[in-house]
Amino acid sequence: MQLEEFVSSHAPNDGDKAFELENSKLLDVALDGSIMAKAGTMVGYEGDISFERKSAGGLKGMLKKKVSGEGEVMMQASGSGNLYLADQGKEVQILELDAGEEISVNGNDVLAFESSVNWDIKMLKSIAGTSTGGLFNVFLEGPGHVAITTHGKPLVLETPVSTDPNATVAWSGNVSPSSKRDVNVKSLIGRSSGETYQLEFAGNDGFVIVQPYEEVQPGQ
């Protein structure tokens, strides 16, 4: 391929949406104001944009940082221009939340969301006794666009359902998981903790997003 052809064929797409995919693994944010993004996911930008690390919940967020190490998982990007975000080659999924709609996303799998979205980092007390990690999730409430990442194409399961914690990406705000331990001796041989412990979503009319990959949490 000629150099000029390479440059033109891989140039950014022209679009007017706030969140738009350049390809399946790269998010283009048309920034005019501010958005929140996962710290360390900026791969490039055009225009006048500045970045500042943020913690959720003020003092409470600082305490969460000490406990979980995720208190500064987010950064605020402010200014005008085009911001390009990606996270370790993972697939990017764009969701639009209506006012009052909630979703809980694993801290590893949040990529970005608009400033109109309310957010907080919360401890999942119901599964604090498991050894799988991933006890802290980012809770997001619309309205606004949210971008999450998955290893491969996601699968959306209706509740009630049980899932592997290391393959669980997010779930709807109207359900909450509890931990379920597989005590069958056979299950302890040659299996990871994600198969010994499961997340059990017992509520109705909810959904859980899983990925075809077991993502090991920090510290495991």
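As a convention, each chain's residues are numbered from 1 in the sequence order in which they are written. With pLDDT at 70 or above as the cut-off, local features in this predicted model cover only qualifying residues; side-chain atom pairs require 80 or more to be listed or tallied, and sums for whole chains, interfaces and linings still use all residues. To get the side-chain values, take all heavy atoms of the structure and skip hydrogens and water.

- As annotated in an unreviewed UniProt entry, the protein is AIM24 family protein from Haloferax litoreum.

## Examining the sheet that holds strand β15 (residues 197–201)
Inference 1: Taken together, three strands build an open sheet; the order of strands is β12-β15-β14 and the sheet is antiparallel. Since the sheet does not close on itself, it has two edges, and those belong to β12 (161–163) and β14 (178–181), each with one partner. Taken pair by pair, the neighbouring strands of this sheet meet at an average axis angle of 35°, ignoring direction.
Inference 2: Two elements, β12 and β15, share three bridges in a ladder whose sense is antiparallel. Note that in β15 the partner of S162 across the bridge is E200. Note on pairing: two strands pair once DSSP finds at least 2 bridges between them. Counting from the N terminus, the helices are DSSP H or I runs at least four residues long and the strands are E runs at least two residues long. Lines fitted to the C-alpha atoms define the axes, with helices restricted to the stretch that makes contact. Angles between their N-to-C directions range from 0 to 180 degrees.

## A few points about the nonpolar core
Inference 1: Here, nonpolar core refers to any group of buried Ala, Val, Leu, Ile, Met, Phe, Trp, Tyr and Cys residues whose side-chain atoms link them within 4.5 Å. Per-residue accessibility, obtained with a 1.4 Å probe over protein chains only, is compared with the maximum for each type, and a residue is labelled buried under 20%, exposed over 50%, and partly exposed between these values. Counting residues in each nonpolar core, the largest one holds 18 residues, and the members touching the most others are I103, V105, F113, L140 and V146.
Inference 2: Those elements giving two or more residues to this core turn out to be β6 (102–106), β7 (110–114), β9 (136–141), β10 (144–150) and β13 (168–172).
Inference 3: In what follows, a contact means two residues having at least one pair of non-hydrogen atoms within 4.5 Å. Once residues within four sequence positions are removed from consideration, V146 is found in contact with F19, Q93, I94, L95, L97, A112, F113, V117 and L140.
Inference 4: Core analysis: the next-biggest nonpolar cluster, separate from the first, contains 15 residues, F19, M75, L111 and A112 among them.

## Points about the pattern of salt bridges
Inference 1: Throughout this description, the term salt bridge denotes a Lys or Arg side-chain nitrogen within 4 Å of a carboxyl oxygen of Asp or Glu. Taken as a whole and judged by the stated rule, the model has four salt bridges.
Inference 2: Linking D87 and K38 is a salt bridge whose minimum nitrogen-to-oxygen distance equals 2.9 Å. Here D87, found in the loop between β4 (74–85) and β5 (91–97), pairs with K38, found in strand β2 (residues 26–38); they are 49 residues apart in sequence, far enough to count as distant. Considered together, D87 and K38 belong to a single accessibility category, that of buried residues.
Inference 3: In this structure, E52 and K54 form a salt bridge, with 3.8 Å as the shortest nitrogen-oxygen distance.
Inference 4: By relative accessible area, which is 26% here, K54 ends up partly exposed.
Inference 5: Each member of the salt-bridge network shares a partner with another, and the members are K90, D109 and E215.

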